[in-house]
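Below, each chain spelled out in residue letters.
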Amino acid sequence: MSQSPVIDQRLPRHVQVRDELMRRIADRVWKAGEALPSEERLAAEFSISVGTMRKAIQALEQEKVVERIHGKGTFVTRAFERSSMLRFVRFRGTEQQELPSAHILTLETKPADDVMRGKLQLRSATEKVLYLHRSRAYGDEVVLVEHIWLPAKRFAKLESYLKRESPPLLYPVYDELCDVVVSRAVDELSMGMLDAPDAAIFGVDPATPCMRIERTMRDHVGQVVEWRVSFVPADRFYYSVEIR
């Protein structure tokens, strides 16, 4: 549970309410996929107008913390890999709704080096990370190789689970097993060359051109919960965006 914050009374009321709703989501008062109470009910609880409550919820919606579904209500968002990492992969004749299989190549808990501590914002020099190296494939074609680092303390239950299972999607497991709800991602794309071990997994020559995708994933309160570096060979990379 997060500590109750000291609310700055100088902030506009809708910002104060937004911060309190965010705290409740972080404390899992409402879990990912669950509906928030109605605006009218929340407004009555906070002794504010419905309009002010609507502004607070709109702020959460803009930050992708909640989503409105017409006729149903406002729900805490889920962040799934189906709509994230896989958008960088060329599907090569498969149905787009089909999830690639996952194969765990390495799974270990180890001391965090300076780079890992910086990326995961770990405070202690003695903290450890859970490292996961896995491939994603459609049939016999590997389309993605991932290197994932997680704060070991926060994901203490995950290692034993992944020794038994290799789920295609990790974010729902974070939620259900470790009470970690991912909310926001920053993806940085750059061109690079595959090193020999990853090239062997793809079945291509070392130094094959590839797209490098570095992801920093945060929870609803902004804490870094995952650092991930993924590689896709150039001929298997695909990205489409619509701008309006």
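Here the structure is shown first, and the text comes after it.
Residues numbered from 1 in each chain as written. Predicted model: local features only at pLDDT ≥ 70, side-chain atom pairs only at ≥ 80, totals over all residues. Heavy atoms only, no water.

Draft legend 1. Region of interest: the packing of helix H1 (residues 13-26) against helix H2 (residues 39-46). At a minimum axis distance of 12 Å, the contact between H1 and H2 shows a crossing angle of 110°. Compared by their axis directions, H1 and H2 come out roughly perpendicular. Together, Arg13, Val17, Glu20, Leu21 and Arg24 of H1 and Leu42, Glu45 and Phe46 of H2 make up the contact between the two elements. A per-class count over the contact of H1 with H2 returns four nonpolar, no polar and four charged. (Axes fitted to C-alpha atoms, helices over the stretch in contact; angles between N-to-C directions. Helix = DSSP H or I, 4+ residues; strand = E, 2+ residues; numbered from the N terminus. Parallel < 35°, antiparallel > 145°, perpendicular 65-115°, else oblique. Contact = heavy atoms within 4.5 Å. Nonpolar A, V, L, I, M, F, W, Y, C, P; charged D, E, K, R; others polar.)

Draft legend 2. The arrangement of the nonpolar core in detail. Leu120, Val129, Trp149, Leu194, Phe202 and Phe231 are the most contacted members of the largest nonpolar core, which totals 18 residues. Considering every element that reaches this core, the biggest residue donor is strand E8 (residues 224-233), with four residues. Sequence-distant contacts of Leu120, that is, excluding residues within four places in its chain, are made with Val129, Trp149, Leu150, Pro151, Val224, Val225, Glu226 and Trp227. Grouped together as the second largest cluster of nonpolar side chains are 17 residues, Val17, Trp30, Val65 and Val76 included. (Core = buried A, V, L, I, M, F, W, Y, C linked by side-chain atoms within 4.5 Å. Buried < 20%, exposed > 50% of the residue type's maximum accessible area, 1.4 Å probe, protein only.)

Draft legend 3. Broad picture of the sheet that holds strand E4 (residues 128-138). With antiparallel pairing, six strands are arranged side by side in an open sheet as E3-E4-E5-E8-E7-E6. Each end of this open sheet is capped by a strand with a single partner; those strands are strand E3 (101-111) and strand E6 (182-193). Mean inter-strand twist for the sheet, computed between neighbouring axes without regard to direction, equals 15°. Pairing analysis gives ten bridges linking E3 to E4, with the strands arranged antiparallel. The residue of E4 that forms the bridge with Leu107 is Leu132. Across the face of the sheet, helix H6 (residues 171-178) comes into contact with strand E5 (141-151), E6, strand E7 (209-219) and E8 while running at roughly 155° to E8. (Pairing = 2+ DSSP bridges.)

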